[in-house]
Amino acid sequence: MIGFSVKEWSAWAPGLVDHDAWRAWARAPWLPMGDDTPALTEVPAMQRRRIERLGRMAIQTACWCQRAEEHGVPMVFASRHGDVARSMELLEALAAEQPPSPTTFGLSVHNAIAALYSILRRERGNYIALAGGMATVETACVEAAALLADGAPEVMLVVYDAPLPAIYAGFPDEPDAGFAWCWRLALADGAAPTLRLGWGSEGVAGETDAEASHLPHGLDVLRFLLSGDLSLRWISDGMAWQWRRDA
């Protein structure tokens, strides 16, 4: 089991911007829908034009969580699907026997959003971009905990996803929504909300979640943090994940 304190948090989704709105949402959650895009006023307009909606969501929450004068905080960027819309542009170009756009290719790779943020912020510190299927959030938390155990005072965790393109309509195995959130993590100290995460496969063969969430799992974990619930358990691919909050 790993544990950490959430020192600060930020989140963005259509219709949900400030902390009060998110806390109210956590008490009665609904699936965020819409095409709204963050203003991202922290980024100059010339650079902002290169950033698609998914990147704007992720970078906006990171900007809100990281102080302007601060540098060198390790960052973990986590997205289950990444910028699939850009990848589809490349595949469609190849199917039409057209040369794919180098810019689209460069911005479609999974670490592109993290790289854009590091360039905008002139960050030279450690960052990683990862995906872990349904367990993307948990995989990212394990990575963040490892960085903390290795001596990092704090780690920024950015989780983000967007609805899949229409061509994938028959494939999603969880609700589809556009959202991003950022947690600023430190070793558990009791002064901030402390979460613990455990996992195991023993005794869960053939078991399924009793009640499937109407939220994508990445958003359900944020709901757990904000709601004050003491635990969140779910099962995926024969693995049981258990979130707990220190009372």
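Attention in this report is confined to the structure presented alongside it. For every chain, the first residue of the written sequence is number 1, and numbering continues from 1 onward in sequence order. In view of the model being predicted, local features appear only for residues whose pLDDT reaches at least 70, and side-chain atom pairs are presented and counted only at 80 or more, with totals across whole chains, interfaces and linings using the full set of residues. Water and hydrogen atoms were dropped before computing side-chain values, which therefore reflect all heavy atoms in the structure.

### Description of the side chain of Thr194
Tracing the sequence through the fold places Thr194 in strand β6 (residues 194-200). Using a relative accessible area of 4% as the deciding quantity, one classes Thr194 as buried. We define a polar contact as two N or O atoms separated by no more than 3.5 Å, with the added condition that, inside protein, one atom must be a possible hydrogen donor and the other a possible acceptor, whereas residues neighbouring each other in sequence contribute only through side-chain atom pairs. There is a polar contact of 3.0 Å between the side chain of Thr194 and the side chain of Ser5. Put simply, DSSP marks the helices as runs of H or I at least four residues long and the strands as runs of E at least two long, and each gets a number from the N terminus on. When a residue's accessible area, from a 1.4 Å probe over protein chains only, is under 20% of the maximum for its type it is buried; when over 50% it is exposed; and in between it is partly exposed.

### Structural notes on unusual backbone geometry
Backbone geometry places Leu40, a non-glycine residue, at a positive phi of 50 degrees. With respect to the element layout, Leu40 can be found in the loop between α1 (19-27) and α2 (45-48). The class for Leu40 is buried, based on a relative accessible area of 0%. Unusually for a residue other than glycine, Glu97 sits at a positive phi of about 60 degrees. Secondary-structure assignment places Glu97 in the loop between α4 (84-95) and α5 (102-108).

### Topic: the nonpolar core
One finds Phe4, Trp22, Leu157, Trp181, Trp183, Leu222 and Trp243 to be the most contacted residues of the largest nonpolar core, which totals 43 residues. By residue number, the principal contributor to this core is helix α7 (residues 136-149), which donates seven residues. Working rule for contacts: check all heavy atoms of both residues, and any pair within 4.5 Å makes them a contact. Those residues in contact with Trp22 that sit more than four places away from it in its chain are Trp9, Ala11, Trp12, Ala13, Leu16, Val17, Leu219, Leu222 and Leu226. To qualify as a nonpolar core, a set must consist of buried Ala, Val, Leu, Ile, Met, Phe, Trp, Tyr and Cys residues joined through side-chain atoms within 4.5 Å. If you look at the next biggest cluster of nonpolar residues, it comprises 25 residues, including Val43, Cys65, Val158 and Cys182.

### What to know about empty space enclosed by the protein
A cavity here means a set of points on a 1 Å grid, drawn over the protein atoms and nothing else, where a 1.4 Å probe fits but cannot get out; a pocket is an open set with protein on both sides within 12 Å along at least five of seven lines, and a residue lines either one if it has an atom within 4 Å of a point. Grid points are joined across faces, edges and corners, and a volume is the space filled by probe spheres set on the points. Following the criterion strictly, the structure yields three cavities of 30 Å³ or more and no others. Of the voids in this model, the largest cavity is the one considered here, and its volume is about 170 Å³. If you trace the largest cavity, you find 18 residues lining it, with Arg80, Asp161, Glu174, Phe179 and Pro216 closest to the centre. The set of elements that each furnish at least two residues to the lining of the largest cavity consists of α7, β4 (155-161) and α8 (217-227).

### Observations concerning the packing of aromatic side chains
In this description, an aromatic ring pair is defined by two values, namely the gap between the centres and the angle between the planes. Here a pair means two rings of Phe, Tyr or Trp (six-membered ring of Trp) with centres within 6.5 Å. Their orientation is stacked below 30 degrees between planes, edge-to-face above 60, and tilted elsewhere. Evaluated as defined, the whole model comprises nine aromatic pairs. Centroid distance Phe77 to Tyr160: 6.3 Å. Interplanar angle 75 degrees. Geometry classified as edge-to-face. With Phe77 in strand β2 (residues 75-78) and Tyr160 in strand β4, this pair connects stretches of sequence that are 83 residues apart. Between Tyr168 and Phe171 the ring centres are 6.4 Å apart and the planes differ by 70 degrees, which places this aromatic pair in the edge-to-face class. Judged by its relative accessible area of 64%, Phe171 is exposed. Joined through ring pairs, the aromatic side chains of Phe4, Trp181, Trp183, Phe224 and Trp243 make up one cluster. Throughout this description, the term charge over a ring refers to an Arg CZ or Lys NZ atom that lies within 6 Å of the ring centre and within 35 degrees of the ring normal. Sitting above the plane of the Phe224 ring, Arg245 keeps its charged end 5.1 Å from the centroid.

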